Amino acid sequence: MADKRYRIGIDVGGTFTDFVLADMAERELWFHKEPSVPDDPSAAVDQGIRALIENHRISAQSVELVVHGTTIGLNAIIQRRGAKMALIVSRGTRDVLEIARMRLPSSYDFTEPRETPLVPRNLVFEVSARMDARGRVIDGVDTAEIKALAAQLRSADVEAVAIMLLNSYRDPSLEIEIGHALRSELGELLITESSVVWPEIREYERCLVAGLNSYIQPLMTSYFDRLESRVKAVGLECPIYITANNGGTLGIDTARSRPIDTVLSGPASGVVASTRVGAASDISQLITFDMGGTSADISVCQRGIPEFTSSTFVGDFPLMMPVVNVAAIGAGGGSILWVDELGLLKVGPLSAGAAPGPICYGRGGEKPTVTDCYVTLGIIDPDNFLSGRMQLDAKAARTALDAIAEQLGMQGPDRALQAAEAAIRVATAKMATEINKLLAHAGVDPRDFSLMAYGGAGATHANLLAEEARLTSVLVPTAPGTFCALGAVLADVRRDYVANARYLIGDAGQRAEADWNKLTAQLAEMEAEAGRWVEKEGDLIGAHDFAVSINLRYPSQAYELEIFIPPEQRDQLSAELVSRLFHEEHQKLYGFNEPDSALQTSTLRLGVIGRVAPVTLPDADSARPSSSDTRTVWHGGRYLEAAVYRREELGQGAAVAGPAIIEQPDTTIFLLPGWHAEAGRQGTLRLRREMQG
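## Structural notes on the packing of helix α1 (residues 41-56) against helix α7 (residues 203-234)
Piece 1. Following both chains from N to C, one finds α1 and α7 inclined at 20 degrees, their axes separated by 9 Å at the closest point. It follows that α1 is roughly parallel to α7 by the angle criterion. Both α1 and α7 take part in a crossing whose hand is right-handed. Only Y223, R226, L227, R230, V231, A233 and V234 of α7 make contact with α1, whose side of the interface consists of P41, S42, A43, V45, D46, I49, R50 and I53.
Piece 2. Of the residues assigned to the contact of α1 with α7, the class counts are 10 nonpolar, 1 polar and 4 charged.

## With respect to the sheet that holds strand β10 (residues 190-193)
Strand pairing within a sheet occurs via backbone hydrogen bonds; the two strands may be parallel or antiparallel.
Piece 1. Across the sheet, which stays open at both edges, the 4 strands sit in the order β6-β5-β9-β10 with parallel pairing between neighbours. Every interior strand has two partners, whereas the edge strands, β6 (124-127) and β10, have only one. Between one strand and the next, the sheet's axes are offset by a mean angle of 20 degrees, whatever the strand orientation.
Piece 2. Of the pairings in the sheet, the one linking strand β5 (residues 85-90) to strand β9 (residues 160-164) comprises 5 bridges and is parallel in character.

## Notes on the side chain of R631
Piece 1. Within the secondary structure, R631 is located in strand β29 (residues 629-635).
Piece 2. Classification of R631 by relative accessible area gives buried; the value is 12%.
Piece 3. A distance of 3.3 Å separates the side chain of R631 from the backbone oxygen of G378, its partner in a polar contact.
Piece 4. In this structure, R631 is in contact with G378, I379, I380, D381, L640, E641, A642, V644, I661 and E663, ignoring residues within four places of it in sequence.

## Notes on the environment of T262
Piece 1. Locating T262 in the fold gives a position in the loop between α8 (252-257) and α9 (265-280).
Piece 2. Sequence-wise, T262 and V323 are 61 residues apart; in three dimensions their C-alpha atoms are separated by 9.7 Å.
Piece 3. The residues contacting T262, other than those within four sequence positions of it, are T70, M220, I242, T243, A244, N245, L250 and A255.

## Let's talk about the packing of helix α10 (residues 370-377) against helix α11 (residues 394-407)
Piece 1. Running from N to C, α10 and α11 point in directions that differ by 110 degrees, and their axes come no closer than 9 Å. For the element pair α10 / α11, the angle class is roughly perpendicular. Facing α10, whose interface residues are D372, C373, V375 and T376, α11 presents A394, A397, R398 and L401.
Piece 2. Considered class by class, the residues forming the contact of α10 with α11 number 5 nonpolar, 1 polar and 2 charged.

So, how was this worked out
Residues numbered from 1 in each chain as written. Predicted model: local features only at pLDDT ≥ 70, side-chain atom pairs only at ≥ 80, totals over all residues. Heavy atoms only, no water. Axes fitted to C-alpha atoms, helices over the stretch in contact; angles between N-to-C directions. Helix = DSSP H or I, 4+ residues; strand = E, 2+ residues; numbered from the N terminus. Parallel < 35°, antiparallel > 145°, perpendicular 65-115°, else oblique. Left-handed = near helix turned anticlockwise from the far one by under 90°. Contact = heavy atoms within 4.5 Å. Nonpolar A, V, L, I, M, F, W, Y, C, P; charged D, E, K, R; others polar. Pairing = 2+ DSSP bridges. Buried < 20%, exposed > 50% of the residue type's maximum accessible area, 1.4 Å probe, protein only. Polar contact = N/O pair within 3.5 Å; in protein donor to acceptor, adjacent residues only side chain to side chain.

Set out below in structure tokens:
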């Protein structure tokens, strides 16, 4: 027992909290789910860890790492439940959040209101400290002014402060000096300097990064404190890592100081797991499909690499930090069905969540959901949900759907079934439309991609979605209901850095050569800083490497292209290489380039990846399926008899034909007529259309 080493991955969702226990020595994985506790998510974490230790009879001291993902920060931003905070800006820029980017919320509706600013105007304070566009100080920090400002902040009783001065991305010294002075005056008040958390040009977006970090920092700090206390109370003495927006993880202390790095981490973990499972199945072109209790998300991975973006939204606010590019495309299992004033059936966006949940949960829910449709249609067995740990009320679900059918004017004894199938078709059509739009925008052929389905409802809905979107292949991992938790435990440590780098390159002149030398020297400084950070993140980290990208443009262009330096060409980094990559990308996107033109760099980006000893995905045993039961399922307007299989019986090489139901503790897989499923080496099911003769 003393030689055993384990890791625990945790993903806190709106409906369930998922767990993965990895045995590092025996190459085994165990999975577990607990109902989420919205009032205190750490309570479900406590219950789940205790259950894993008890059920698998392991020692708490043998757990070497806990990796935790949560949407607490994201939910606080969306629901506006963050801290009471103040914003400090340069004199004359008090309205930076109101002015934003001067864009209407809707080009077609002049009456649609704009988003409410993150910080009310009465809590935005101006200071005289200022620097010019080249980073030269115009007015320094006025000590008396800062003392008066501290008194105002104390009187306002704020919990956090963000500082954003004009042009501070050039030089952080003024912001750091103000932050230090305020900490001296106000003690433990949480303060975020924009040039420390993300020093990138464009004041509004930089202000939001600092503001959002401050907005959620008190909440997240309190949660991380409770999480640490609960983990220690269980007897674990291991480090805790927190999943990050970029698909990596951070030490809990880094996450406390930079909670903005974690707000979109949940979906990113699933994409990380998808690339690992896809690689094990020799499939590198993936559309990830994560359907949980409240929403469905997709991401595109090409050549086994997730797609990243530095242009996304968190609630109403743009976020310019690098994140795994995940798009919300539709309803989740808890999305509520309703009929609008025109008599049209709608699904979502409101969700029943974990409390009260779908009607069939029997926890007080009064509105039918997508999960109620699965139960009514016969796809989910109400007596075997979560392996029988939770009994579902099929009668209550059908009664609620009968009421929806009545509103829709449906007739006959099967009208509840018709309403349930109609709702599933509405949700599926919306998802398929969004998938096709995203793939068209990316310029890729959907026939080249496989759908990787996970989340509590992803595997249940995947075949329906693939049929609607005309995809030919679906992958279902061995534990789709806890897949994001698996992604958490598979991830390496990663943090991204950004620096202002305004240089001229790609020209034969002396200035271009001197500027390139300055850029490479700046990159070396960033690598040294990143190396020092990763060495402090824990003893489990082995070697580390870097990912480099540069934002460039032609002279006088308004926006830049981000050019990624391929890892295999990192050692040959040169101005000529960067210029060639830029011209090729510009030609690809816009249909022309100017290869004789010099280029302007604006931003230098660096990602440091600390490699953690990998969790090995276990091979599946060889087993042949045996169906001893069938279930009546309503599909396509009629009853079907579907064979029922247990997932653990589908070992390497096992194959089944639809219609079929494949049940496992964390989800149910629905295999349509005309499709077949085959288990790969690690038990991953691949669903494909039957070849037409």
